[in-house]
Amino acid sequence: MQKYCIKNENMIEPNTVGLVCMRLADNHRRPCIIVTEFDNGECIGSMRAIDGVENFKDTLEETNLCNWVRGHQPAAGISINKENIKELRKVL
């Protein structure tokens, strides 16, 4: 998983974040999560899985590190607190 974080002063439209996330996942052949960090420490964004990675949404939820993951298995929105990102990277 590559490390990308977009600060909220440079916030990109949510639909665009999903498209960029999809492109990164396709180009690097790895699942991708892109989040925008907000002042309260919450990071909200998108996740995309790739072919061969089943139940990525469920995997993220089962870590109990995300506030929520909403959407489909291969493509969903995600909320995680900034302090949980390093641990999520380790778990994944």
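### Description of the overall build of the chain
A tally of helices and strands in the chain yields three helices and five strands. Element order for the chain, N to C, with α for helix and β for strand: β-α-β-β-α-β-β-α. A buried classification covers 37% of the 92 residues belonging to the chain. Counting only contacts in the chain whose residues sit at least 6 apart along the sequence, the fraction spanning at least 24 positions is 54%.

### As for the packing of aromatic side chains
Under the counting rule described, the total for this entry stands at zero aromatic pairs. When the ring centre of W68 is taken as origin, the NZ or CZ atom of R70, which lies over that ring, is 4.1 Å away.

### Brief notes about the nonpolar core
The biggest cluster of nonpolar side chains holds 14 residues, and the ones touching the most others in it are I33, L60, C66, I78 and L88. Among the elements that make up this core, the one with the highest residue count is strand β5 (residues 75-81) (three residues). Membership of the second largest hydrophobic core comes to seven residues, among which are V17, C21, L24 and C32.

### Remarks on the pattern of salt bridges
For the structure shown, the criterion picks out two salt bridges. In this structure, E37 and K82 form a salt bridge, with 3.4 Å as the shortest nitrogen-oxygen distance. In this pair, E37 is assigned in strand β2 (residues 32-37) and K82 in the loop between β5 and α3 (85-91), connecting sequence segments 45 residues apart. A residue is classified by how much of its surface remains accessible, and K82, at 43% relative accessible area, is partly exposed. In this structure, E61 and K57 form a salt bridge, with 3.4 Å as the shortest nitrogen-oxygen distance. Of this pair, E61 and K57 both sit in helix α2 (residues 56-62), four residues apart, roughly one helical turn.

### Re the side chain of R48
Mapped onto the fold, R48 is located in strand β3 (residues 42-48). Buried and without a salt bridge, R48 has D26 as its closest oppositely charged side chain, separated by 8.5 Å. Ignoring any residue separated from it by four or fewer positions in sequence, one finds R48 in contact with G18, C21, M22, A25, P31, C32, F56, P74, A75 and A76.

### Regarding the environment of F56
With respect to the element layout, F56 can be found in helix α2. Considered as a pair, F56 and H72 are 16 residues apart in the sequence and their alpha carbons are 9.0 Å apart. Not counting residues within four places of it along the chain, the set of residues in contact with F56 comprises P31, I33, M47, R48, A49, Q73 and L92.

Rules of the game
- Residues numbered from 1 in each chain as written.
- Predicted model: local features only at pLDDT ≥ 70, side-chain atom pairs only at ≥ 80, totals over all residues.
- Heavy atoms only, no water.
- Helix = DSSP H or I, 4+ residues; strand = E, 2+ residues; numbered from the N terminus.
- Buried < 20%, exposed > 50% of the residue type's maximum accessible area, 1.4 Å probe, protein only.
- Contact = heavy atoms within 4.5 Å.
- Phe/Tyr/Trp six-rings, centres within 6.5 Å; stacked < 30°, edge-to-face > 60°.
- Lys NZ or Arg CZ within 6 Å of the ring centre and 35° of its normal.
- Core = buried A, V, L, I, M, F, W, Y, C linked by side-chain atoms within 4.5 Å.
- Salt bridge = Lys/Arg side-chain N within 4 Å of Asp/Glu carboxyl O.
- Lys, Arg positive; Asp, Glu negative; His and termini not counted.

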